[in-house]
2 protein chains.
Amino acid sequence: MADNKRGKHSFVLPQMPVITAWASVAGKKEGQGPLAQSFDVISGDTYFGQKTWEQAEKQMQKIALDTLIDKAGVTRQQIGLVFSGDLLNQCIGSSFTLRNTGIPHIGLYGACSTMAEGLLMASMAVCGGFSDKVIALTSSHFASSERQYRFPLGYGGQRTPTAQWTVTGAGAALVCSAGKGPRIESCTIGTVTDLGIKDANNMGAAMAPAAYDTIRAHLEDLHRAPEDYDLIVTGDLGQLGKDALLELAKREGVYLGGRLADCGTLVYDAVKQDVHSGGSGCGCSAITLCGHLLGQLQSGKLGKILFCGTGALLSPTSTQQGLPIPGVCHAVSIVGGSV
Amino acid sequence: MADNKRGKHSFVLPQMPVITAWASVAGKKEGQGPLAQSFDVISGDTYFGQKTWEQAEKQMQKIALDTLIDKAGVTRQQIGLVFSGDLLNQCIGSSFTLRNTGIPHIGLYGACSTMAEGLLMASMAVCGGFSDKVIALTSSHFASSERQYRFPLGYGGQRTPTAQWTVTGAGAALVCSAGKGPRIESCTIGTVTDLGIKDANNMGAAMAPAAYDTIRAHLEDLHRAPEDYDLIVTGDLGQLGKDALLELAKREGVYLGGRLADCGTLVYDAVKQDVHSGGSGCGCSAITLCGHLLGQLQSGKLGKILFCGTGALLSPTSTQQGLPIPGVCHAVSIVGGSV
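Residues numbered from 1 in each chain as written. Chains lettered and ligands numbered in written order. Predicted model: local features only at pLDDT ≥ 70, side-chain atom pairs only at ≥ 80, totals over all residues. Heavy atoms only, no water.

Colleague: Can you walk me through the overall build of chain A in this structure?
Modeller: Within chain A, the secondary structure is distributed over 10 helices and 15 strands. In terms of overall dimensions, chain A is globule-like: its C-alpha atoms have a radius of gyration of 18 Å, near the 20 Å expected for 339 residues. Seen through its C-alpha atoms, chain A measures out along the principal axes to roughly 55 × 50 × 35 Å. Within chain A, buried positions represent 66% of all 339 residues. Intrachain contacts of chain A at a sequence separation of at least 6 include 78% that bridge at least 24 residues. Surface exposure of chain A reaches about 10900 Å², of which carbon and sulfur atoms provide 49%. (Helix = DSSP H or I, 4+ residues; strand = E, 2+ residues; numbered from the N terminus. Rg over C-alpha atoms; globule rule 2.2 N^0.38 Å. Buried < 20%, exposed > 50% of the residue type's maximum accessible area, 1.4 Å probe, protein only. Contact = heavy atoms within 4.5 Å. Areas by Shrake-Rupley, 256 points an atom, 1.4 Å probe, with all protein chains shown as cover.)

Colleague: Looking at this model, I keep getting lost on the state of the cysteines. Mind explaining?
Modeller: Disulfides are covalent bonds that link the sulfur atoms of two cysteine residues. The full count for this structure, using the stated rule, is 0 disulfides over all chains. Cysteine 187 of chain A carries a free sulfur, and the closest cysteine sulfur to it, the one in cysteine 127 of chain A, is 9.5 Å from it. Between cysteine 290 of chain B, a cysteine without a disulfide, and cysteine 263 of chain B, which holds the nearest cysteine sulfur, the sulfur-to-sulfur distance is 10 Å. With a relative accessible area of 0%, cysteine 290 of chain B lands in the buried category. (Disulfide = S-S within 2.5 Å.)

Colleague: Is there a simple way to think about the relation of the copies chain A and chain B in this case?
Modeller: Relating the two copies of this chain is a rotation about some axis coupled with a shift parallel to it. Mapping chain A onto chain B calls for a screw motion: a turn of 180° about the axis and a shift of 0.0 Å along it, with 0.0 Å RMSD after fitting. The relationship between the two copies is best expressed as a two-fold rotation axis. The fraction of interface residues of chain A whose copies in chain B are also interface residues reaches 100%, indicating that both copies meet through the same surface. (Least-squares fit on C-alpha atoms with pLDDT ≥ 70 in both.)

Colleague: What is the right way to look at the packing of helix H2 (residues 53–72) of chain B against helix H5 (residues 142–149) of chain B in this model?
Modeller: When two helices pack together, their arrangement is given by the angle between the helix axes and by the axis-to-axis distance. All names here are of chain B. Viewed as axis vectors pointing N to C, H2 and H5 meet at an angle of 140°, and their least axial separation amounts to 8 Å. When the axes of H2 and H5 are compared, the pair comes out oblique. In this structure, H2 crosses over H5, and the sense of that crossing is left-handed. From H2, Trp53, Glu54 and Glu57 reach across to H5, where they touch Ala143, Ser144 and Arg147. (Axes fitted to C-alpha atoms, helices over the stretch in contact; angles between N-to-C directions. Parallel < 35°, antiparallel > 145°, perpendicular 65-115°, else oblique. Left-handed = near helix turned anticlockwise from the far one by under 90°.)

Colleague: Is there a simple way to think about the side chain of serine 144 of chain A in this case?
Modeller: All names here are of chain A. Mapped onto the secondary structure, serine 144 falls in helix H5 (residues 142–149). Polar contacts involving the side chain of serine 144 include one to the side chain of glutamate 57, which spans 2.8 Å. If near-sequence neighbours (up to four positions away) are discounted, serine 144 is found in contact with Trp53, Glu54, Glu57 and Leu88. (Polar contact = N/O pair within 3.5 Å; in protein donor to acceptor, adjacent residues only side chain to side chain.)

Colleague: It is not clear to me how the packing of helix H6 (residues 203–221) of chain A against helix H7 (residues 238–251) of chain A should be interpreted in this structure. Could you clarify?
Modeller: All names here are of chain A. Packing of H6 against H7 brings their axes to within 8 Å, and their N-to-C directions diverge by 40°. What the angle tells us is that H6 and H7 run oblique. With respect to the hand of their crossing, H6 and H7 are arranged in right-handed fashion. Across from Gly204, Ala205, Ala208, Pro209, Ala211, Tyr212 and Ile215 in H6, the residues of H7 making contact are Gly241, Ala244, Leu245, Leu248 and Ala249. Here the contact of H6 with H7 is built from residues that sort into 10 nonpolar, 2 polar and no charged. (Nonpolar A, V, L, I, M, F, W, Y, C, P; charged D, E, K, R; others polar.)

Colleague: In this structure, what is going on with the interface of chain A and chain B? I would like to understand it.
Modeller: By a widely used convention, the size of an interface equals the accessible area lost when the partners come together. Across the boundary between the two partners, chain A contributes 74 residues, which contact 74 residues of chain B. Note on chain A versus chain B: buried area summed over both sides is about 5600 Å², and carbon and sulfur give 63% of it. When the buried surface of chain A facing chain B is broken down by residue, Met1, Gln90 and Phe130 of chain A rank first, second and third, together holding 16% of it. The interface formed by chain A and chain B contains 2 salt bridges. (Buried area = accessible area lost by both parts, 1.4 Å probe. Salt bridge = Lys/Arg side-chain N within 4 Å of Asp/Glu carboxyl O.)

Colleague: Explain the packing of aromatic side chains here, please?
Modeller: The geometry of an aromatic ring pair comes down to the distance between the two centres and the angle between the two planes. All names here are of chain B. Under the definition given, this model contains 8 aromatic pairs over all chains. With a centroid separation of 3.9 Å and 10° between ring planes, the pair formed by tyrosine 47 and tryptophan 53 is classed as stacked. In this structure tyrosine 47 comes out as partly exposed when scored by relative accessible area, which is 31%. For tryptophan 53, a relative accessible area of 16% translates into the label buried. (Phe/Tyr/Trp six-rings, centres within 6.5 Å; stacked < 30°, edge-to-face > 60°.)

Colleague: What is the right way to look at the pattern of salt bridges in this model?
Modeller: It is possible for side chains bearing opposite charge to pair when their charged atoms get close. Residue and element names in this part refer to chain A. Under the criterion given, the structure shown has 18 salt bridges over all chains. Here lysine 71 and aspartate 40 are joined by a salt bridge, their closest N and O atoms 2.8 Å apart. Highlighted residues: lysine 71 in helix H2 (residues 53–72) and aspartate 40 in the loop between helix H1 (28–31) and strand E4 (41–42), separated in sequence by 31 residues. The exposure class of aspartate 40 is partly exposed, given its relative accessible area of 34%. The salt bridge partner of glutamate 185 is arginine 224, with a shortest N-O separation of 2.4 Å. With glutamate 185 in strand E10 (residues 183–188) and arginine 224 in the loop between H6 and strand E11 (231–235), this pair connects stretches of sequence that are 39 residues apart. Across the pair, arginine 224 and glutamate 185 agree in class, each one buried. Among the charged side chains, a network of salt bridges with common partners joins Lys62, Asp66 and Arg76.

Colleague: Explanation requested: the environment of leucine 108 of chain B in the structure shown.
Modeller: Mapping leucine 108 of chain B onto the fold places it in the loop between strand E6 (105–107) and helix H4 (114–127). C-alpha of leucine 108 of chain B to C-alpha of glycine 309 of chain B: the two residues are 201 residues apart in sequence and 14 Å apart in space. Here leucine 108 of chain B is in contact with Gly107, Leu108 and Tyr109 of chain A together with Phe83, Ser84, Gly85, Asp86, Cys91, Thr114, Glu117, Gly118 and Met121 of chain B, once residues within four sequence places are set aside.

Colleague: Please clarify how empty space enclosed by the protein should be interpreted in this entry.
Modeller: Rolled over the atoms, a probe as big as a water molecule pinpoints where empty space is left. Residue and element names in this part refer to chain A. Enumeration over the complete set of coordinates arrives at 8 cavities of 30 Å³ or more. Of the pockets and cavities examined, the largest cavity occupies roughly 110 Å³. Lining the largest cavity we find 14 residues, and of these Leu87, Cys112, Tyr149, Arg150 and Met203 sit closest to its centre. Those elements that provide at least two residues to the lining of the largest cavity are H5 and H6. Residue classes in the lining of the largest cavity are distributed as 8 nonpolar, 4 polar and 2 charged. Space inside the second largest cavity adds up to approximately 90 Å³. (1 Å grid on protein atoms, 1.4 Å probe; cavity = no way out; pocket = protein on both sides within 12 Å on 5 of 7 lines; lining within 4 Å. Points joined across faces, edges and corners; volume = space filled by probe spheres on them.)

Colleague: Just to check I follow, could you spell out H7 of chain A for this structure?
Modeller: Residues lying three or four places apart along an α-helix face the same way, a consequence of the helix completing one turn every 3.6 residues. Residues and elements named next belong to chain A. In this model, H7 (14 residues) spans 20 Å end to end at C-alpha, consistent with the 20 Å of a helix rising 1.5 Å per residue. For H7, the complete set of buried residues consists of Gly238, Gly241, Lys242, Leu245 and Ala249. Axial view of H7: buried residues confined to an arc of 100°, hence all on one face. In this structure, the buried side of H7 is in contact with H6, E11, strand E12 (260–262) and helix H8 (263–266). Of the residues trailing H7, glycine 253 is marked for its positive phi of about 80°. (Expected span 1.5 Å × (residues − 1). Arc of directions from axis to C-beta.)

Colleague: What's the story with H4 of chain B in this structure? I'm lost.
Modeller: Residues and elements named next belong to chain B. With 14 residues, H4 extends 20 Å between its outermost C-alpha atoms, agreeing within 8% with the 20 Å of an ideal straight helix rising 1.5 Å per residue. Most of H4 sits out of view: 14 of its 14 residues are buried. The positive-phi residue at the C-terminal boundary of H4 is glycine 129, with phi of around 75°.

Laid out in structure tokens, this is it:
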């Protein structure tokens, strides 16, 4: 049997799976932000032609899936498997996107870490020869998240300064055994970390310890240093969570410094867009990766990145019952197409 | 690159991963049913010492995980990865079980198909050499499900004759690259199937088409017949869903006949236990597998089974919005320890 495991949490991919195509669908606010040029579809209609926010989210995923298949020049029948999940109760965004498509489907739940989780699982499936042309897909929607986790929009609730803004967007990436494009080189699977943070309006702080744990595990398991990457990009800690991660790392003597970026701070303009601590939601890291970051890897502007999807594993029920917010982070190392 | 893919939906495992240990935790009602002897733990306290139903469910998973690790004679530090998920919003049963254990965790959402989904993913992870000593874990709780999907128990709502009874139970299985025990030989990944059933009190009917699709795909992809298995065991269609599956298969000329069993009908005594159409929930197929079925494979009473986890991918929100109930089914072929 092959031995691709490294250390406690990581594995390498001796035959590196290739991300041959990617697609992103964004809402109006995201389309007014600094990454607008990198999105395939920007919709001015927040309902995406549907009657409910949940169906709007499903529709975004569907558009991302169809756009990806179109961009990749493959047929739906050629897709081997879709890994997908979202934040909606029982992941109905994903289930209703996939229904009656005939595409094999594995449902994931990793909250906002889902894009990284999906890429990690797709890497296993492709490199192990269990499937090919495997898609990682996820979404989030500002209005469905506000209703589910916070308050109905009509209440006009005040947002705290530490709050993040859930990205309306869906991202999809196609992982293949052969082809041209950025390649996945190794992955690190996260553990569920909980330091007792209970403020559901400060999820960056709740997720920062998980992000640090996974980055540290990745560097240790693979005997690497932050300098081995052009960019270590978390998603979605927001500004406060990013600061907390830098501080945590510094205390342990790890200097992430100028190499650290966060999808939550990349996706919006902090000054002009009034999003407080930054973006969040499964869609945040998904549209930042499946546009801006993979584009820069493709063009050679970035040589190698560590994409660290972070998720806050709370539910309104656990919060109401007074429980803290566990976090998780999965990391995927991606090398540029020209490396 | 290895090519283990077969047909559209299936893959084989050239180095068969071994299920070296398993554990099940059951509630009071399940402990009064026909499979009682096969459970490791039966609790008379439906709260499992906790203050809420959701925390009770977490506690069951925790006991199942700890019992499994104990039975396997390994340490927590030796566990490579846990795949787990449950029915609770945002899968908090699983997240809170894993928090601060230090065990790498991938969250799944497959509704009641989670045990099969977890075994399928564990097979990929182990056979591909990406991890070892990988656990598939899941749970459901009658009271947390009733509250979330139907009515608070205190309302004393009448149950329809087609309704199923959510199993209070948690199951866990350890999948290893070497060792003694039943082995996983091949898997088939399901597609999301929806024939328009909208009755959330008749989930067996909603899931039967998905079960049929996956069983048919498995037989076609691997050029097999139902006779190649001692038992084809779905979970959890219940009596009505099982009848619907038999009828669907018969129409297509596939005779599942005496080889078909369903975890929802195995776990309770239909005459004495007043569960209407049978058991359901992630825990239903999990405790039936991680006790009764794996025990029979171990002892040689069964030589080869096709374990078909079925899931209804609805949420209360999708039902309230008038949408039908998509179903999914993942199949895992397991051969006995003595074969």
